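What the coordinates show
As a plain string of letters, each chain reads:
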Amino acid sequence: MSDDFKTEFLAHYLSVGMGALGKKDIDALVMHLLDKYGTADSAPLCTYPNQEVSALLKTPATKIRSLRYEAGLKFGGRVEDQAKVKLLIALSRAVLELESKKICLVIEDALAKNWLQGQLKNNGLIFDHSFNTEIIKVDAKGLFELLSQFFDAAQTGRFKEAFERISHEKNNEEQRKEFIKITKNFALKLAESAGSGILTSIKLHLGIH
């Protein structure tokens, strides 16, 4: 266990007085720190999905999902900042539904997913997650509108232009390949314009050093 893990744990634990944190809060704090620093034998656990963390920590996946939600609320900082990171990570791994032209985002983090759905509703945008609660399907135009509100407008505009170009100029297989390429590229560029903290998190999740 790293010194940073120990130092941050004690800072949170002692900030409210010795013994004041209940078991549930301590579990959430440990989950937060494991996601941030990892175990002695692993990378930061934030790079692993719930099922893999479940196997690693020998804890049911439903409990891991719950702990991560609690950890985000209590120790993760501003919900919007956390959600931006998760949104860009999901964007970097998004896939395109060719017939409907909807962008499919996989977000298993409940805190980020709820935030995104709330923002879509606030902007009158329709989304679909009827078949899998971790998959959110969003109309491309609506997603671009949302991205422009929270990230660099110029970068978002270039992303939109690239998307429209491949939509008109490529066949279906090329569209899929090009879409994966441009979404990963622009997720990194949007992260760069959003600040060093978000960029570091994105690179960590994508395994970029």
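Definitions and cut-offs
- Residues numbered from 1 in each chain as written.
- Predicted model: local features only at pLDDT ≥ 70, side-chain atom pairs only at ≥ 80, totals over all residues.
- Heavy atoms only, no water.
- Phe/Tyr/Trp six-rings, centres within 6.5 Å; stacked < 30°, edge-to-face > 60°.
- Helix = DSSP H or I, 4+ residues; strand = E, 2+ residues; numbered from the N terminus.
- Buried < 20%, exposed > 50% of the residue type's maximum accessible area, 1.4 Å probe, protein only.
- Lys NZ or Arg CZ within 6 Å of the ring centre and 35° of its normal.
- Salt bridge = Lys/Arg side-chain N within 4 Å of Asp/Glu carboxyl O.

1. Observations regarding the packing of aromatic side chains
Under the criterion given, the structure shown has seven aromatic pairs. Where Phe-144 meets Phe-163, the ring centres are 5.5 Å apart and the plane angle is 65 degrees; that geometry is what we call edge-to-face. Within this pair, whereas Phe-144 is found in helix α7 (residues 140-150), its partner Phe-163 is found in helix α8 (residues 153-169), the two being separated by 19 residues in sequence. An identical accessibility class is assigned to Phe-144 and Phe-163; each is buried. Ring geometry for Phe-159 and Phe-186: centres 5.4 Å apart, planes at 15 degrees, overall stacked. Of this pair, Phe-159 sits in helix α8 while Phe-186 is found in helix α9 (residues 172-194), placing the two residues 27 residues apart along the sequence. Residue Phe-186 is classed as buried on the basis of its relative accessible area of 9%. Connected via pairs of aromatic rings, a cluster forms that spans Phe-144, Phe-159, Phe-163, Phe-179 and Phe-186. Its guanidinium or amino end placed over the ring of Phe-151, Lys-84 lies 6.0 Å from that ring's centre, counting from NZ or CZ.

2. Some points on the pattern of salt bridges
Evaluation of the coordinates by the stated rule reveals 14 salt bridges. One salt bridge connects Lys-74 with Glu-70, and the closest N-O pair in it is separated by 3.0 Å. Linking Lys-74 with Glu-70, this pair stays in helix α4 (residues 61-75), spanning four residues, or about one helical turn. According to the relative accessible area criterion, Lys-74 is partly exposed, its value standing at 42%. A salt bridge links Arg-176 to Glu-173, with the nearest nitrogen and oxygen atoms 3.4 Å apart.

3. Observations concerning unusual backbone geometry
Positive phi outside glycine occurs at Lys-58, with the angle close to 55 degrees. Topologically, Lys-58 is positioned in the loop between α3 (50-57) and α4. In this structure Lys-58 comes out as exposed when scored by relative accessible area, which is 76%.

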